[in-house]
Amino acid sequence: MSRNSGGFNAWSGWVAFAAFTLLVLGILNLFQGLTALFRNGYYVVANDQLLLRSYTTWGVILLCFAALQLATGMGLWAGASWSRYVAIALAMLNIIGEIAFIAAHPAWSIVVIALDVVVLYALTAKWEMAQGMNEESMSQAEAAEWRASQAADRSQMGSTERHPPAGGMGG
């Protein structure tokens, strides 16, 4: 499939949002890694209660991960095709890493996990629309599938606007 030259739409805005969010996550992981390296008493849990057993190890891992996130966020912003897949993998790995770190800083980890989920959504939901795909650039089978999904989306939106949810509004 080829990209439509006038392909900016609401979904491409989501991809830009994912790029900026990934950059922010990289900066947050950079600060979290530096904090783990240089402020041992900052976190709630002692060194021996961590999954990795050392804030120094965790700090180095976070610094390396932050560098990858920053590079991938810039690649995503620049439209590099590789960056979407790397960003998806990094977001999933970051969720796992934050779950491992959740005992040390619960609120921070939950916020970062939520941001990672937003990045995953932005990079996976309606990717073709975000890339400015149009019917002319698709094969006949792809175009038929695209038209069917668009019709289903429209009918689903129309049906939810006309009918109240099950159970009604009375009480």
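The rules behind each value
Residues numbered from 1 in each chain as written. Predicted model: local features only at pLDDT ≥ 70, side-chain atom pairs only at ≥ 80, totals over all residues. Heavy atoms only, no water. Axes fitted to C-alpha atoms, helices over the stretch in contact; angles between N-to-C directions. Helix = DSSP H or I, 4+ residues; strand = E, 2+ residues; numbered from the N terminus. Parallel < 35°, antiparallel > 145°, perpendicular 65-115°, else oblique. Left-handed = near helix turned anticlockwise from the far one by under 90°. Contact = heavy atoms within 4.5 Å. Expected span 1.5 Å × (residues − 1). Buried < 20%, exposed > 50% of the residue type's maximum accessible area, 1.4 Å probe, protein only. Phe/Tyr/Trp six-rings, centres within 6.5 Å; stacked < 30°, edge-to-face > 60°. Core = buried A, V, L, I, M, F, W, Y, C linked by side-chain atoms within 4.5 Å.

Draft legend 1. Main features of the packing of helix H3 (residues 81-101) against helix H4 (residues 106-124). Two elements in contact, H3 and H4, have axes whose closest approach is 9 Å; the angle formed by their N-to-C orientations is 160°. Relative to H4, H3 is oriented roughly antiparallel. When the axes of H3 and H4 are compared, the crossing they make is left-handed. When H3 is examined against H4, the residues Arg 84, Ala 87, Ile 88, Ala 91, Met 92, Asn 94, Ile 95, Glu 98, Ile 99 and Phe 101 are found in contact with a partner set consisting of Trp 108, Ser 109, Val 112, Ile 113, Asp 116, Val 117, Val 119, Leu 120, Leu 123 and Thr 124.

Draft legend 2. Layout of H3. Taking 1.5 Å of rise per residue, the 21 residues of H3 would be expected to cover 30 Å, and the 31 Å separating its terminal C-alpha atoms lies within 8% of that figure. Within the sequence span of H3, burial applies to Ser 83, Arg 84, Ala 87, Ile 88, Leu 90, Ala 91, Asn 94, Ile 95, Gly 97, Glu 98 and Phe 101.

Draft legend 3. Summary view of the packing of aromatic side chains. Considering all chains together, one arrives at three aromatic pairs under this definition. Taking 5.9 Å as the distance between ring centres and 80° as the angle between the ring planes, the aromatic pair formed by Trp 14 and Phe 17 counts as edge-to-face. Placement of the pair is Trp 14 and Phe 17 together in helix H1 (residues 10-38), with a separation of three residues, close to one helical turn. The exposure class of Phe 17 is partly exposed, given its relative accessible area of 41%. Given the relative accessible area of 33%, Trp 14 is considered partly exposed. By way of ring pairs, the aromatic residues Trp 14, Phe 17 and Tyr 121 are connected into one cluster.

Draft legend 4. Representation of the nonpolar core in the model. Core analysis: the biggest nonpolar cluster contains 16 residues, and Ala 18, Leu 25, Leu 76, Ala 87, Val 119, Leu 120 and Leu 123 have the highest contact counts within it. Residue assignment for this core shows that the elements contributing at least two residues are H1, H3 and H4. In terms of residue count, the dominant contributor to this core is H4 (six residues). Ignoring any residue separated from it by four or fewer positions in sequence, one finds Leu 76 in contact with Val 15, Ala 18, Ala 19, Ser 83, Arg 84, Ala 87 and Leu 123. Residues Ala 36, Tyr 55, Trp 58 and Leu 62 belong to the second largest nonpolar core, which totals six residues.

Draft legend 5. Here's a closer look at the environment of Asp 116. If you trace the backbone, Asp 116 turns up in helix H4. Accessibility expressed as a relative area gives 0% for Asp 116, which makes it buried. Separated by 28 residues in the primary sequence, Asp 116 and Ile 88 place their C-alpha atoms 8.9 Å from one another. Beyond its immediate sequence surroundings of up to four residues, Asp 116 is in contact with Leu 25, Ala 91, Asn 94 and Ile 95.

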